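If you want the building blocks of each chain, they are given just below.
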Amino acid sequence: MFKSLGTPPPLPRWAEVLLLPLINIAVAFLACAVVIWALGENPREVLWTLFQGPFLYPGNLGYTLYYATNFIFTGLAVAVAFHAKLFNIGGEGQVTLGGLGVGLLVMSLGPTLPAILMVPMVILVSAAFGALWALIPGYLQAYRGSHIVITTIMFNFIASAIMVSLLSGPMMQPGQMSPQTPPFPSNAVLHKTHDVLHWLGFDQVANSPMNLSFFVALLALVGTWMLIWRTRLGYEIRGIGNNPDAAHYAGIRVPRIVLLTMAISGALAGMMALNEVAGAQQRVILNFSGQYGFVGIAVALIGRNHPVGILLASLLFGALYQGGTEIDFNYQSITREMVTLIQGLIILFSGALYYMFDPWLARILALILPRKANPEGGPS
Amino acid sequence: MTQPVGSAQQAGGAHSAPRLALELEKISKSFGPVRANRDIDLQVESGTIHGIIGENGAGKSTLMKILYGMQGADSGRMLVNGKDEDIRSSADAIAKGIGMVHQHFMLVPTFSVLENVMLGTEGGALLADGRTATRKLLAEFAEHYGMRVDPDALVGSLPVGIRQRVEIIKALKGGAKILILDEPTGVLTPQETEGLFDILRVLKADGVTILLITHKLDEIMAITDRVSVMRRGEMVGHRDTKDTNPQELAELMVGRKVLLQVDHTPANPQELRLTVDGLGARSKAGHQVLQDISFELRAGEILGVAGVSGNGQSELMETLAGMRAVGEGGFDLLGHRVDARNPKGPDAMRDLGLAHIPEDRHHHGLILSFQVQENVILGYHHGPLTGQGLLMDRDKIRQHSERLIEEFDVRNGRSNVLAKHLSGGNQQKVVIAREVDAVPKVLIVGQPTRGVDVGAIEFIHKQLIALRDRGCAILLISVELEEIMSLSDRIIVMNAGRLVGEVARGQADENELGLMMGGGRAKPKVPAAQGEASHV
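Residues numbered from 1 in each chain as written. Chains lettered and ligands numbered in written order. Predicted model: local features only at pLDDT ≥ 70, side-chain atom pairs only at ≥ 80, totals over all residues. Heavy atoms only, no water.

Draft legend 1. A look at the overall build of chain B. Regarding its fold elements, chain B presents 17 helices and 20 strands. The dimensions of chain B, computed from C-alpha atoms along their principal axes, are 75 × 55 × 45 Å. Across the 536 residues of chain B, 52% fall into the buried class. Of the contacts formed within chain B by residues at least 6 apart in sequence, a portion of 67% connects residues at least 24 apart. (Helix = DSSP H or I, 4+ residues; strand = E, 2+ residues; numbered from the N terminus. Buried < 20%, exposed > 50% of the residue type's maximum accessible area, 1.4 Å probe, protein only. Contact = heavy atoms within 4.5 Å.)

Draft legend 2. How the structure looks around the pairing of strand β8 (residues 209-214) of chain B. Residues and elements named next belong to chain B. Among the six residues of β8, six are classified as buried, and the element is accordingly described as predominantly covered. When strand β7 (residues 178-182) meets β8, the two strands line up parallel, connected through five bridges. If you follow Leu 179 over to β8, its bridge partner there is Ile 210. Handedness of the β7-helix α6 (residues 190-205)-β8 crossover: right-handed. (Pairing = 2+ DSSP bridges. Right-handed = clockwise from strand over helix to strand, strands pointing away.)

Draft legend 3. Region of interest: the packing of helix α8 (residues 213-230) of chain A against helix α9 (residues 232-242) of chain A. All names here are of chain A. Direction vectors running N to C along α8 and α9 enclose 70°, while the axes themselves pass 5 Å from each other. It follows from the interaxial angle that α8 and α9 lie roughly perpendicular. Taking contact as the criterion, the partners of Leu 227, Ile 228, Trp 229 and Arg 230 in α8 are, on α9, Arg 232, Leu 233, Gly 234, Tyr 235 and Arg 238. Residues of the contact of α8 with α9, tallied by class, amount to five nonpolar, one polar and three charged. (Axes fitted to C-alpha atoms, helices over the stretch in contact; angles between N-to-C directions. Parallel < 35°, antiparallel > 145°, perpendicular 65-115°, else oblique. Nonpolar A, V, L, I, M, F, W, Y, C, P; charged D, E, K, R; others polar.)

Draft legend 4. Highlighting the pattern of salt bridges. Residues and elements named next belong to chain B. All chains considered together, the criterion is met by 30 salt bridges over all chains. Among the salt bridges present, the one from Arg 490 reaches Glu 502, with a minimum N-O distance of 2.9 Å. Of this pair, Arg 490 sits in strand β19 (residues 490-495) while Glu 502 is found in strand β20 (residues 498-504), placing the two residues twelve residues apart along the sequence. According to the relative accessible area criterion, Arg 490 is buried, its value standing at 19%. (Salt bridge = Lys/Arg side-chain N within 4 Å of Asp/Glu carboxyl O.)

Draft legend 5. Looking closely at helix α5 (residues 160-172) of chain B. All names here are of chain B. Across its 13 residues, α5 extends 19 Å between first and last C-alpha, which sits within 8% of the 18 Å expected from 1.5 Å per residue. Of all the 13 residues making up α5, ten are buried; the element is thus mostly covered by neighbouring parts of the structure. Taken residue by residue, α5 has Gly 161, Gln 164, Arg 165, Val 166, Glu 167, Ile 168, Ile 169, Lys 170, Ala 171 and Leu 172 as its buried positions. Summarising the contacts, the buried residues of α5 are in contact with β6 (98-101), α3 (113-118), α4 (128-145), β7 and α6. (Expected span 1.5 Å × (residues − 1).)

Draft legend 6. Main features of the domain arrangement of chain B. Residues and elements named next belong to chain B. Per the domain assignment, the segments making up chain B are domain 1 (6-254) and domain 2 (272-529). Between domain 1 and domain 2, the C-alpha centre-to-centre distance is 34 Å. Across the contact, ten residues belong to domain 1 and 14 residues belong to domain 2. Between domain 1 and domain 2, the buried area comes to about 950 Å², and carbon and sulfur atoms account for 61% of it. The interface formed by domain 1 and domain 2 holds zero salt bridges in total. At the junction of domain 1 with domain 2, the criterion picks out zero residue pairs in polar contact (both at pLDDT 80 or more). Elements with a contribution of two residues or more to the side of domain 1 that touches domain 2: α6 and α8 (246-254). (Domains from an automatic or database assignment. Buried area = accessible area lost by both parts, 1.4 Å probe. Polar contact = N/O pair within 3.5 Å; in protein donor to acceptor, adjacent residues only side chain to side chain.)

Draft legend 7. Unusual backbone geometry, seen in detail. Non-glycine residue Lys85(A) carries a positive phi angle of around 55°. In this fold, Lys85(A) is placed in the loop between α3 (60-83) and α4 (91-109).

Draft legend 8. How the structure looks around a nonpolar patch on the surface. Residue and element names in this part refer to chain A. Where nonpolar side chains cluster on the molecular surface, the patch consists of Trp 14, Trp 360, Ile 364, Leu 367, Ile 368 and Leu 369 and spans about 720 Å² of accessible area. For the nonpolar patch, the element with the highest residue contribution is helix α16 (residues 358-368), accounting for four residues. For Leu 369, the location among the structural elements is in the segment after α16. Residue Leu 369 is classed as partly exposed on the basis of its relative accessible area of 35%. (Patch = residues over 30% accessible without salt bridge, like charges linked within 9 Å, V, L, I, M, F, W, Y side chains within 5 Å. Areas by Shrake-Rupley, 256 points an atom, 1.4 Å probe, with all protein chains shown as cover.)

Draft legend 9. Summary view of the sheet that holds β20(B). Residues and elements named next belong to chain B. Spatial ordering of the open sheet is given by β16-β17-β18-β13-β19-β20, a layout of six strands whose pairing is mixed. Each of the sheet's edge strands pairs with one partner strand only, and the pair in question is β16 (354-357) and β20. Across the sheet, the axes of successive neighbouring strands diverge by a mean angle of 20°, strand direction being ignored. Alignment of strand β13 (residues 302-306) against strand β18 (residues 473-477), held across four bridges, turns out to be parallel. Across the sheet, the residue bridging to Val 305 is Ile 477, located in β18. Across the sheet, helix α17 (residues 510-517) is in contact with β13, β19 and β20; its angle to β19 comes to roughly 35°.

Draft legend 10. Molecular detail of the environment of Tyr143(A). All names here are of chain A. As for its position among the elements, Tyr 143 is in helix α5 (residues 115-144). Between the C-alpha atoms of Tyr 143 and Pro 58, which are 85 residues apart in sequence, the distance is 52 Å. For Tyr 143, the residues in contact, after removing those within four places along its chain, are Pro 255, Arg 256 and Leu 259.

Structure follows, in structure tokens:
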């Protein structure tokens, strides 16, 4: 059919990792510019607002990084599971449970323990509750064959129901009408970055919800990279993801690795509660999970399931969230939903249509770059 | 439609000067940088059997796909019966009188023979006419060529040889004068192969031109009139079969001298390493796939398991390697009992000193999307190969992998190349390197040379013999009878999940083994086979 074109040459690795995503994002913004133009605004101005918003105004960088923290955790959660070819769509529920776990811990222990003990416990509990919530679908997948996509979706609903019933009941702050817990005592919170910086003497730093959990997220990025590419467990996770039959042949106990993978994935998702609950809000509020669990799927997709990619994708999405607020503030005809549109376009071009430009780019590069000598020549 | 080939024969074809049924001129085809076919010239005389031989990846299949219209050539000219033709689809090819029997049969197992043959030529909206016509066609084939098939039998219930017959009838039903057979004997017993050759001879006598693609030299010698040899996408020689010999063809295929016969020295069997008694196993669906298997395996010997593919050999390997649960009976491996009550997984088996070269390297032996250095530790990644620490010792793994690449001559091999980018023979070398280097006490090998070129076969066979001489007990399972006969010290034969007999090296006769593989009763002198033979 495409006789004249033939099969395109393979794309160089640097082009696939770097050039292709940039082209995809550029095309997404181009499509967005068309929409803005159709709405009667100047695309250049609007997009410029979107770009400078997250970075230039005081405090906005903090907001960008605060959003990015959420995306890093949920993106990593999806990526770890995906290395074992498990599609964990339950990030939302695991985030919720992580937050509820933190809330229960803080409310039951109160301000008794010093922060040096309490904060590590908060971190552990957020991870443990998230892990537990992912373990159940993991078990059902590994030993009962129930598909993980179905069960994790159902567990999102269950988690959300549990949250409503607890926050409007036993965990609700007495004497309040809104479904939220009392504020956390200061021994149990992850401090805001600007507070820490003020304390260190940088007085002019503007306020933002960014807090110390951003650095936990950075550690999680490094830890995940080590886990997947440097440990035996990571090797086994990638093994069952790439070829479960060969993994079985190699003596890897596939069900056990499925359980462990889901636990790690859930733990990472649960730790998003550090940012929202222990850091930004310093209390559990209804729906703090804010759909980040779902957007994490897109982040992992665009980040190609690699920690570096996830960091970049998280920063991009964080910037878009913050930039969207600026657009909303500055323009009448364009609302915050424009950002959702851009997000959608980015997901469309970077995810669903990822390989659309691949053959063309490969042909162009093959023309430009000097042709490497084919060592074998034969089709062996 | 219902005309058999014979009546469509053109007058004058048989006695005039050599007429070309097929002529290819400078056919080229590239996939990206890979040139699968380079300036292929080929002339096939009408009414002859023409063999095309070459190693895996030599470009035979690509050439046939071009002929049959499944792929377009980049350049070149094709003449069918002297006329310039542009074949763009298999429908085109069929219309031009070219039929093809694929390596993997294209039959619907739940349809009857009649329905399968009718497929595509049903006639009108109601099937009655098509049925009558097809029944008549089948009767004509039976009478004319002796290709007897029960029209109402379900294809799924037929032996492989008969299924292939149905494929041939399908290929010829439209009056095809050129028949392409792609590796037709891979799944056949020697007897079935002989049956196929008889049919081919009748077809040839009837004026059909046959193109036989194979990598088996003995078949070329047995049946073809002329043979063309391909190597690395090029035609490297055309010979009249009567003027050549297997040695010359093998050298043309590989491009250097090869040792066709394995240097097999007498074995020196030592202590018992594996005792299997009354072993049985079931498939997931509950079918008995292994039944009452008993044999012994000693250090320093190679025990060959012969059998037609799909008669329980794969299940036997998987059970012994711990990948499949034991049903009845069990086995003693190096002093450890394994049965339904004492199951052991693949990891436990490996710890005991059992290595396993699986028959399907793509599904089991390798993770194709992993690098070579990640593949050479597969199954041994908890052992000393990956170092002591919490993190895997990458330098150590790389050094190990580089040593294996060097020692086992993995061509184009670098530690960080993905396994899928290696050729079949080199992939197999990676698997063999990993398992042999573990210095196993017992090695289970399945199809060690499937899809591997002649040069690599020689190397792999030498490795196996050397490992045996170092005192390893080797169980060799292969559907290549020649491989079994040249490597094994003893041979056991499987049929329908049971053992049907045992033969010592030297006493093995291809015909006798073939009969046993087909389910025939072994000679009474073989004790293991008494009352055990089952029939297909």
